[in-house]
Amino acid sequence: APSAAAARMTRAVAEDARTVMPVCAWMEGQYGISDVYLGVEAEIGASGVRRVVERDLTGSELASLREAAAAVQAKQADVASL
């Protein structure tokens, strides 16, 4: 499965396909989250991640996503302090 996902991403970049797929993308305000890489759906094309696709999330889904982002940011801070 990982190699199939990598091949699909490579094809989307090579063909500038603008394919929407789950990836780890840099968040810049989407879902109210910034300054962290997070697993979300994004449109992939010749320049890589063209945009994060924001879906309508329930309140609990959005809270869980923000909690995950906070956990990743906490780990980033731990690594930075080494």
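Refer to the structure presented above.
As the structure is a prediction and not an experimental result, all values here were calculated from the model.

(A) Summary view of the pattern of salt bridges. Inspection of every chain in the model, using the stated rule, returns four salt bridges. The salt bridge involving E41 is made with R55; its shortest N-O contact spans 2.6 Å. Placement of E41 in strand 2 (residues 34-45) and of R55 in the loop between strand 3 (48-52) and helix 2 (59-80) is noted, with a sequence separation of 14 residues between them.

(B) Spatial organisation of the environment of T10. Relative to the elements of secondary structure, T10 occurs in helix 1 (residues 2-14). On the basis of relative accessibility, which here comes to 52%, the residue T10 falls in the exposed class.

(C) Quick look at the sheet that holds strand 3. The antiparallel open sheet is built from three strands, whose spatial order is 1-2-3. In this open sheet, the two edge strands, each paired with only one partner strand, are strand 1 (19-28) and strand 3. For this sheet, the mean inter-axis angle between neighbouring strands, taken without regard to orientation, is 50°. Sheet topology note: the strand 2/strand 3 ladder contains four bridges and is antiparallel. Pairing of G45 across the sheet is with G48, part of strand 3. Strands in contact with helix 1 are strand 1, strand 2 and strand 3; relative to strand 1, the strand with the most contacts, it is inclined by about 85°.

Quick notes on the rules
Residues numbered from 1 in each chain as written. Predicted model: local features only at pLDDT ≥ 70, side-chain atom pairs only at ≥ 80, totals over all residues. Heavy atoms only, no water. Salt bridge = Lys/Arg side-chain N within 4 Å of Asp/Glu carboxyl O. Helix = DSSP H or I, 4+ residues; strand = E, 2+ residues; numbered from the N terminus. Buried < 20%, exposed > 50% of the residue type's maximum accessible area, 1.4 Å probe, protein only. Pairing = 2+ DSSP bridges. Axes fitted to C-alpha atoms, helices over the stretch in contact; angles between N-to-C directions. Contact = heavy atoms within 4.5 Å.

Function cannot be read off these values alone, since they describe shape.
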